[in-house]
Amino acid sequence: MVGRVMERVCLTHPRTARRNRSPAEVGRRLAGREVVNVGRHGKLLLIGLGDGQTMVAHLGMSGRFSVCAAGADRAPHTHFVAALDDGAEVRFIDPRTFGFVAVRDESEPDPAFSRLGPDAWLEAPEPPALVRALAGRVAPLKALLLDQRIIAGLGNIYADEAMHRAGIHPLRPGGRLSEAEARRLLDATSAVLEQAIDSGGTTLGDLAYLLPDGRAGENFARLKVYGREGEPCLSCGVPVERTAVRARSTYFCPVCQT
DNA sequence: ACCTCCCTGGCC
DNA sequence: GGCCAGGGAGGT
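Since this is a predicted model, take the numbers as computed values, not measurements. (Residues numbered from 1 in each chain as written. Chains lettered and ligands numbered in written order. Predicted model: local features only at pLDDT ≥ 70, side-chain atom pairs only at ≥ 80, totals over all residues. Heavy atoms only, no water.)

Q: If you had to explain the overall build of chain A to someone new, which residues and values would you point to?
A: Assigned secondary structure in chain A consists of five helices and 10 strands. Relative to a compact globule of 258 residues, whose C-alpha radius of gyration would be 18 Å, chain A shows 20 Å and is just as compact. C-alpha atoms of chain A, sized along the principal axes, occupy 55 × 40 × 30 Å. Put simply, chain A has 258 residues, and 47% of those count as buried. Expressed as a percentage of contacts within chain A between residues at least 6 apart in sequence, the contacts between residues at least 24 apart total 58%. When the accessible surface of chain A is summed, it comes to about 12600 Å², and 52% of that surface belongs to carbon and sulfur atoms. Across chain A, the 33 positively charged side chains and the 30 negatively charged ones have centroids separated by 5 Å. (Helix = DSSP H or I, 4+ residues; strand = E, 2+ residues; numbered from the N terminus. Rg over C-alpha atoms; globule rule 2.2 N^0.38 Å. Buried < 20%, exposed > 50% of the residue type's maximum accessible area, 1.4 Å probe, protein only. Contact = heavy atoms within 4.5 Å. Areas by Shrake-Rupley, 256 points an atom, 1.4 Å probe, with all protein chains shown as cover. Lys, Arg positive; Asp, Glu negative; His and termini not counted. Charge placed at Lys NZ, Arg CZ, Asp CG, Glu CD.)

Q: Can you break down the nonpolar core residue by residue, with the values?
A: Formed by 32 residues in total, the largest nonpolar core has its most connected members in L130, L134, L141, L145, Y158, L177 and L185. Mapped onto this core, the elements with two or more residues apiece are α2 (127-134), α3 (141-146), α4 (156-166) and α5 (179-198). Sorting elements by how many residues they give to this core places α5 first, with seven residues. With near-sequence residues (within four places) excluded, L145 lies in contact with I151, L154, A159, M163 and L185. Core analysis: the next-biggest nonpolar cluster, separate from the first, contains 20 residues, M6, V35, F80 and V103 among them. (Core = buried A, V, L, I, M, F, W, Y, C linked by side-chain atoms within 4.5 Å.)

Q: Any chance you could break down the protein's contact with DNA strand B for me, citing the residues and the numbers?
A: Close to DNA strand B lie R15, H77, P95, R96, T97, F98, R137 and R246, which account for all nearby residues. Contact distances for DNA strand B include 2.7 Å between a phosphate oxygen and a side-chain N or O atom of H77. A distance of 2.2 Å is found between a phosphate oxygen of DNA strand B and a side-chain nitrogen or oxygen belonging to R246. Per-class residue counts for the surface near DNA strand B are two nonpolar, two polar and four charged. (Near = heavy atom within 4 Å. Polar contact = N/O pair within 3.5 Å; in protein donor to acceptor, adjacent residues only side chain to side chain. Nonpolar A, V, L, I, M, F, W, Y, C, P; charged D, E, K, R; others polar.)

Q: Pulling in residues and values, what's your account of the environment of E161?
A: In this fold, E161 is placed in helix α4. Linking E161 and V192, residues 31 residues apart in sequence, is a C-alpha distance of 6.8 Å.

Q: So, the protein's contact with DNA strand C: which residues are in play, and what are the values?
A: As a matter of local geometry, DNA strand C sits amid 13 residues, with R19, H58, F98, R242 and R248 nearest to it. Counting only the atoms of DNA strand C within 4 Å of the protein, the fraction contributed by sugar and phosphate is 54%. In the model, a phosphate oxygen of DNA strand C is placed 2.9 Å from a nitrogen or oxygen of the N156 side chain. The side chain of S249 places a nitrogen or oxygen atom 3.3 Å from a phosphate oxygen of DNA strand C.

Q: I'd like to hear about the sheet that holds strand β2 (residues 37-41), residue by residue, with values.
A: Pairing is antiparallel across the open sheet formed by four strands, whose spatial order is β2-β3-β4-β8. Taken across any chain shown, the strands that pair with only one partner, and hence form the sheet edges, are β2 and β8 (100-105). Ignoring which end each strand starts from, the neighbouring axes of this sheet average 25° apart. As defined by bridge partners, strand β4 (residues 53-58) adjoins β8 across six bridges and the pair is classed as antiparallel. Note on β8: the bridge partner recorded for T54 is R104. Packing against the sheet, helix α1 (residues 23-30) makes contact with β4 and β8, and its axis sits at approximately 60° to β8. (Pairing = 2+ DSSP bridges. Axes fitted to C-alpha atoms, helices over the stretch in contact; angles between N-to-C directions.)

Here it is as structure tokens:
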């Protein structure tokens, strides 16, 4: 993708372009730009365009990117299409429109983009730093793991998986995590993400998430607790339980996680 | 620091 | 026909 030029860019849905003034503005500012580098911070995809410009995208709940031939059939809910100079098209498909595609200039920083904590995969904190970040917090650890200002990149599935792997209960007050537990949690986070990445990500039954070539990720079969309410814990055999934290389903083993 | 809302497909 | 899924913003 690096070195490709987005010759024509078309956005149609106002919600997909909501981080800028209009779909037309995003299209206009991206058209003709070359992809200089591709990065990521937490759940934000960062496409460097040079000259202080960055294309920023978030998949939200149901968004996915597709890279295909320019003439290929267009899936429903295709809200962004960029025609590249090699004949391919990059498309953003997002039924629920929780995702977005934006363009920003470094000279006009958006506060919403600058509050992210360290990336969970690329720059995970050391245990003492995590303990400090959680000090005094009484909110359940699960809620704090979903707070992108503390650690960026964990969503509902991987937060549950990491806490299970670390043997820590999701309702534990965040401030009551020892340094040893913080180390276990960070090691677990790293292992859970590595496995998910190696597996191509977690495609659920709704097929909302797919790889850019259309294949499904294989990580669903490797989940230990998420979506397994009532099924035996793979470590101890006790039924996995489900509760709600901040209106998010939270799966855990009542025996393995303390 | 918490609650509500946004949005659609799939499912009961 | 109504409910559920959930990342993040905004309001209280």
